[in-house]
Amino acid sequence: MAISVRVRDMPVLGEHPALDLVNTVFVRGGLRGQLVDALTTPADLADWITEQAEALGPLGSAPDPGPDALTAFTGLRSSLRRVVAAAAAGTDAPPENVAAVNTAVGAHRDTVELPPVGYGPAQHRTDAPDLPSAVLARVARSAVDLLTGPDLELLRACPAPGCVLFYLRTHPRRGWCSPGCGNRVRVARHSRRRGETATRPEDAR
Ligand SMILES: [Zn+2]
């Protein structure tokens with residue numbers, strides 16, 4: 001059972017809307033850590049939507065998600081996790097999860113228009129009934145863009161032991177989802193080397 005934390009406690013946030021949604025479930029405390037969930041209440045979802053506003057484009061009203069919206073987001077999240085994991089591994093995603101993402105994309109239409117003066121920040125319109133629905137569709141759409149576009153080759157599952165997060169390898173030296181994972185792996189390697197040295201003194205230099 002996942003324990004509750006706040007959205008701002010997420011180790012990786014601002015990566016990509018689709019990955020940010022999947023990454024709301026993470027492990028805190030390293031290899032023997034605990035699975036935690038940053039989206040357990042409608043208030044958590046409101047925080048998460050606020051964090052995504054810049055990446056997803058303005059929708060014009062304050063977030064006010066209810067329990068139904070939370071269920072919809074966590075449902076999309078489980079489908080996205082399987083689809084993203086398959087994409088990172090280069091395997092086929094389960095068809096029912098692909099279908100669930102496509103249903104979320106198609107549930108509401110978003111349009112982007114020129115502003116009245118003809119240039120500057122785009123005007124976003126949506127036929128979604130409320131803001132959480134619009135954001136849900138937009139997150140699903142961002143997953144389509146990610147998994148069918150040039151950034152797909154940057155998609156990685158974090159290789160740190162015990163980590164369940166995904167990230168985009170935007171820099172060749174970025175080997176982990178977060179500095180925290182990189183540090184844990186370095187510390188583990190270091191203590192393993194020390195342990196080997198202790199048990200095999202002939203190898204010590
Ligand atoms: Zn990690």
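An account of the accompanying structure is given in this report. Everything numeric here is computed off the predicted structure, so don't read it as measured data. (Residues numbered from 1 in each chain as written. Predicted model: local features only at pLDDT ≥ 70, side-chain atom pairs only at ≥ 80, totals over all residues. Heavy atoms only, no water.)

Remarks on the environment of Pro 116
Examined against the element boundaries, Pro 116 turns out to sit in the loop between strand 4 (110–113) and strand 5 (123–126). When the C-alpha atoms of Pro 116 and Ala 99 are compared, they prove to be 37 Å apart, with 17 residues separating the residues in sequence. (Helix = DSSP H or I, 4+ residues; strand = E, 2+ residues; numbered from the N terminus.)

So, the coordination of the zinc ion
Here the zinc ion is held by the protein donor atoms Cys 158 (SG), Cys 163 (SG), Cys 177 (SG) and Cys 181 (SG), which lie 2.3 Å from it. If you look at the zinc ion, its 4 donor atoms make angles of 104 to 113 degrees with each other, and the shape they trace is tetrahedral. Considered as a linear motif, the donors of the zinc ion on their single chain read C-x4-C-x13-C-x3-C. Here the residue Cys 163 occupies a position in the loop between strand 6 (155–157) and strand 7 (166–168), and Cys 181 occupies one in helix 6 (residues 179–199), the gap between them amounting to 18 residues. Cys 181 matches Cys 163 in its accessibility class, with the two residues each being buried. (Donors = N, O, S within 2.8 Å, 3.2 Å for Na, K, Ca; no water. Tetrahedral: all angles 85-135°; square planar, octahedral: opposite > 155°, others 65-115°. Buried < 20%, exposed > 50% of the residue type's maximum accessible area, 1.4 Å probe, protein only.)

A word on the packing of aromatic side chains
This structure, assessed with the given rule, holds 1 aromatic pair. Seen in terms of ring centroids, Trp 48 and Phe 73 are 6.0 Å apart; in terms of plane orientation they differ by 70 degrees. Their pairing is edge-to-face. Remark: Phe 73 occurs in helix 3 (residues 67–89) and Trp 48 occurs in helix 2 (residues 42–56); sequence separation between them is 25 residues. Note on Trp 48: relative accessible area 0%, which makes it buried. Given a relative accessible area of 1%, Phe 73 falls into the buried group. (Phe/Tyr/Trp six-rings, centres within 6.5 Å; stacked < 30°, edge-to-face > 60°.)

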